[in-house]
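# Chain and residue survey
Residue strings, one per chain:
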Amino acid sequence: MATIKDIAEKAGVSIATVSRVLNYDSSLSVSDETKKRIFEIAEALSYKKRPSKKSSSARIGILLWYTEKEELNDLYYMSIRLGIEQRCEQHGIQVANFYNSIDSMKQEEFQGIIAVGKFSENQVDELSKMAEHIVFVDSNPDEDVYDAVVVDFEKATRTVLRHFIENGHTNIGYLGGREEFKDHSAEIEEIREKTFRTYLSQANLLDESNLYIGSFTVEDGYKLMKQAIVEKGDDLPTAFFAANDLIAIGALRALNEEKLAVPDRVSLFGVNDISVSKYVYPPLSTVKVHTEVMGETAVDTILERINGRQIPKKVFIATKLVIRET
């Protein structure tokens, strides 16, 4: 595992700065450019280097549904992007990144488009007019038409809940977020929240008052856990499933502030295993999502299309529990 010192040396900043950035210290005054450099180095150091392959004349557009600013607050999508870029570099493929800007892509020509994130029907329709080959990553708008690279978050949620129950937890909480399409056409169904309700309901363990919903950010993870601590008091759940690592990192900060022992009083699980999750205190238990493999697979999939494959396919990337100290 890369150390904070390794990251600091590559980023050209102090160890203290890296530590505070990786822990989302809101009191730290540092530029977004520096944050981006630190996060990208942390992600890149967690990858296994792949050997270079033959060159290609293809040019691919990468559409990211997050802005560059939003990407800094959700390393899940940054990690997918880096996986795409590294795979393209191995193949000698030209890439052009577009952050939440379909309109700016209309002036370009591509052999294919990799769309990372979640897109409305109207947005998908716009993309279909720009390139013959499109691969969606982290969403699956129409599996009869488009290729997709996705994660089974329903299965991942069930795995965490089963782990909690097998370890004696019966009072289980949920910290989550909700999103909508960027064109504000509809709210996106949150499968982790839906699965949490279904699974615990079937186990006769669901308490609706244990669900706290905000956004997928460190700040809301902190606020939601503080709210739960105040509202629940001695009845605070003994385990919380956080819908992503950022929420879990914020929740962990709140628990540490309130001197609630983790994991002795409250166990905590996140999702994604972003690079920073191993550097927080205590190191975060989480569901490993192989984001770099998602990016690599998207490139391999679109090359198959460019080389003649006609039948759409959906690729599921496996997940696994990473048990650390929370």
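Residues numbered from 1 in each chain as written. Predicted model: local features only at pLDDT ≥ 70, side-chain atom pairs only at ≥ 80, totals over all residues. Heavy atoms only, no water.

### With respect to the packing of helix α5 (residues 75–91) against helix α11 (residues 291–306)
Short version of the rule: Only the stretch in contact is used when a helix axis is fitted, and all axes are lines through C-alpha atoms; the angle between N-to-C directions ranges over 0 to 180 degrees. Where helices and strands are cited, they refer to DSSP runs of H or I of at least four residues and of E of at least two residues respectively, numbered from the N terminus. Should an angle lie under 35 degrees it is considered roughly parallel, over 145 roughly antiparallel, and from 65 to 115 roughly perpendicular; all remaining angles are considered oblique. Helix crossings get a hand from a simple test, with the near helix turned counterclockwise from the far one by less than a right angle marking a left-handed crossing and a clockwise turn marking a right-handed one. Note on contacts: a residue pair qualifies if any of its non-hydrogen atoms lie within 4.5 Å across the two residues. Three classes are used, and their members are as follows: Ala, Val, Leu, Ile, Met, Phe, Trp, Tyr, Cys and Pro are nonpolar, Asp, Glu, Lys and Arg are charged, and the others, Gly among them, are polar.
In contact at an axis separation of 7 Å, α5 and α11 are set at 45 degrees when each is read in the N-to-C sense. In terms of axis orientation, α5 runs oblique to α11. Crossing handedness for the pair α5 and α11: right-handed. Taken together, the residues of α11 that come into contact with α5 (itself represented by Y76, S79, I80, G83, I84, R87, C88 and H91) are T291, E292, M294, G295, E296, V299, D300 and L303. Residues belonging to the contact of α5 with α11 are distributed by class as follows: seven nonpolar, five polar and four charged.

### Things to note about the sheet that holds strand β12 (residues 285–289)
Spelled out, the test is: A pair of strands is considered paired only if DSSP assigns at least 2 bridges between the two.
Taking strand neighbours across the sheet as the criterion, the six strands line up as β9-β6-β10-β11-β12-β14 in an open arrangement whose pairing is mixed. Each edge of the open sheet carries a strand with a single partner, namely β9 (211–214) and β14 (319–322). Strand after strand, the sheet turns through a mean of 15 degrees between neighbouring axes, direction not considered. Inspection of the sheet shows β12 paired to β14 by four bridges, in the antiparallel sense. Looking at the pairing, K288 lines up with K320 of β14. Where helix α7 (residues 153–166) meets the sheet, its contacts fall on β6 (172–177), β10 (239–242), β11 (267–272), β12 and β14, and the angle it forms with β11 comes to roughly 165 degrees. Each of β6, β9, β10 and β11 is contacted by helix α8 (residues 191–202), which is oriented at about 160 degrees to β6, the strand it contacts most.

### Quick notes on the pairing of strand β5 (residues 147–151)
Where we set the bar: Per-residue accessibility, obtained with a 1.4 Å probe over protein chains only, is compared with the maximum for each type, and a residue is labelled buried under 20%, exposed over 50%, and partly exposed between these values.
The buried count for β5 comes to five of five residues, which makes it a mostly enclosed element. Here β5 shows no split at all, with D147, V149 and V151 on one side and A148 and V150 on the other all buried. In terms of strand pairing, strand β4 (residues 134–137) meets β5 through three bridges, oriented parallel. Paired with V135 across the strands is D147, a residue of β5. Here β5 pairs with strand β13 (residues 314–317) via four bridges, running parallel. Bridging from a neighbouring strand, A148 pairs with K314 of β13.

### Structural notes on the environment of D142
This is how the line gets drawn: What qualifies as a polar contact is a pair of N or O atoms within 3.5 Å, subject to a donor-acceptor requirement within protein and to the restriction that residues adjacent in sequence count only when both atoms come from side chains.
Tracing the backbone through its elements, the reader meets D142 in the loop between β4 and β5. For D142, a relative accessible area of 30% corresponds to the partly exposed category. Taking the C-alpha atoms as reference points, D142 and A2, 140 residues apart in sequence, are found 39 Å from one another. Among the polar contacts listed, one links the side chain of D142 to the backbone nitrogen of D144, at a separation of 3.1 Å.

### Some points on unusual backbone geometry
Cis peptide bonds are those with omega within 30 degrees of zero, and the linkage from V262 to P263 qualifies with 10 degrees. Structurally, P263 can be placed in the loop between α10 (245–257) and β11. Residues Y281 and P282 are joined by a peptide bond in cis, for which omega reads -15 degrees. Take P282: it is sitting in the loop between β11 and β12. One non-glycine residue, K259, lies in positive phi territory at about 60 degrees.

### Points about the sheet that holds strand β1 (residues 59–64)
Spatially, β2-β1-β3-β4-β5-β13 is the arrangement adopted by the six strands of the open sheet, whose pairing is parallel. Whereas interior strands pair on both sides, the edge strands pair on one side only; in this sheet they are β2 (94–99) and β13. Each strand of the sheet is rotated relative to its neighbour by a mean of 15 degrees, with strand direction disregarded. Strands β1, β3 (112–116), β4, β5 and β13 of the sheet are contacted by α11, whose axis makes an angle of about 165 degrees with β5.

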